[in-house]
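These are the residues of each chain, in order.
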Amino acid sequence: MAIWDAIRIFLATLFDRETARRVHEILEKRRSGETPPAVESAEAAPPKPAVAPLKRVPEKVAKSEALILLETLQREARFVDFIKEDLSGYSDAQIGAAVRDIHRDCAAVLERLFAIRPAVDVPEGTEYVVPEGFDTGRIRLVGNIHGGPPYRGRVTHHGWEATECRLPVWTGTEASVRIIAPAEIEVGGA
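Residues numbered from 1 in each chain as written. Predicted model: local features only at pLDDT ≥ 70, side-chain atom pairs only at ≥ 80, totals over all residues. Heavy atoms only, no water.

1. Observations regarding helix H2 (residues 17-31)
Taking 1.5 Å of rise per residue, the 15 residues of H2 would be expected to cover 21 Å, and the 21 Å separating its terminal C-alpha atoms lies within 8% of that figure. One or two residues past the end of H2 sits Gly-33, with phi positive at roughly 95°. (Helix = DSSP H or I, 4+ residues; strand = E, 2+ residues; numbered from the N terminus. Expected span 1.5 Å × (residues − 1).)

As structure tokens, then:
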């Protein structure tokens, strides 16, 4: 079946209740092992009554979760300002003083939004046995790997896991969907 046929079937199923019922019936029969009845050709199908065109509902403007996170880090920790700043004119002491506040504030944002905890709850440097069937998304093996699990090794980094994900909900206009921090304009002063 051509991709266009699949798209036509999808759209017909989405917008026509009778087609959706018939497709569901065929899929259920296939799932249960029955042979579905022959599908009548489009030429043999009775003509459908004219349907009024669908009114286009304006889509809600959505903002990328990545941009929401950047916006939050900027608003609460001035993260983007710091990263975009040219530091070549500052002394190490000045940079260190600025980083202390940004580090503290970024850590607070990440804790509040994600409650980040170690992926493997053992101290780095600890002897660790990686069991058979381990989750490669949670544990990455590095070094000289031979044979199969269980593996015995030392934790070089405990990894990180977000135990929550509570990003703020963004509401705004389509024109501001990519704004991380609005421009600030001081008025009335000199």
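2. Observations concerning the packing of aromatic side chains
In this description, an aromatic ring pair is defined by two values, namely the gap between the centres and the angle between the planes. Throughout the structure, instances matching the rule amount to one aromatic pair. Consider the rings of Phe-134 and Tyr-151, whose centres lie 6.4 Å apart with planes at 80°: the pair is edge-to-face. In this pair, Phe-134 sits in the loop between strand S2 (127-130) and strand S3 (151-154) while Tyr-151 sits in strand S3, placing the two residues 17 residues apart along the sequence. Taking relative accessible area as the criterion, Tyr-151 reaches 16% and is therefore assigned buried. (Phe/Tyr/Trp six-rings, centres within 6.5 Å; stacked < 30°, edge-to-face > 60°. Buried < 20%, exposed > 50% of the residue type's maximum accessible area, 1.4 Å probe, protein only.)

3. Let's talk about the packing of helix H3 (residues 65-77) against helix H5 (residues 92-114)
Interhelical geometry of H3 versus H5 gives an angle of 135° and a closest axis separation of 9 Å. Taken together, the axes of H3 and H5 lie oblique to each other. Viewed along their axes, H3 and H5 form a crossing whose handedness is right-handed. Residues Leu-69, Thr-72, Leu-73, Glu-76 and Ala-77 of H3 pack against Ile-102, Asp-105, Cys-106, Val-109, Arg-112, Leu-113 and Phe-114 of H5. In terms of residue class, the contact of H3 with H5 is built from eight nonpolar, one polar and three charged. (Axes fitted to C-alpha atoms, helices over the stretch in contact; angles between N-to-C directions. Parallel < 35°, antiparallel > 145°, perpendicular 65-115°, else oblique. Left-handed = near helix turned anticlockwise from the far one by under 90°. Contact = heavy atoms within 4.5 Å. Nonpolar A, V, L, I, M, F, W, Y, C, P; charged D, E, K, R; others polar.)

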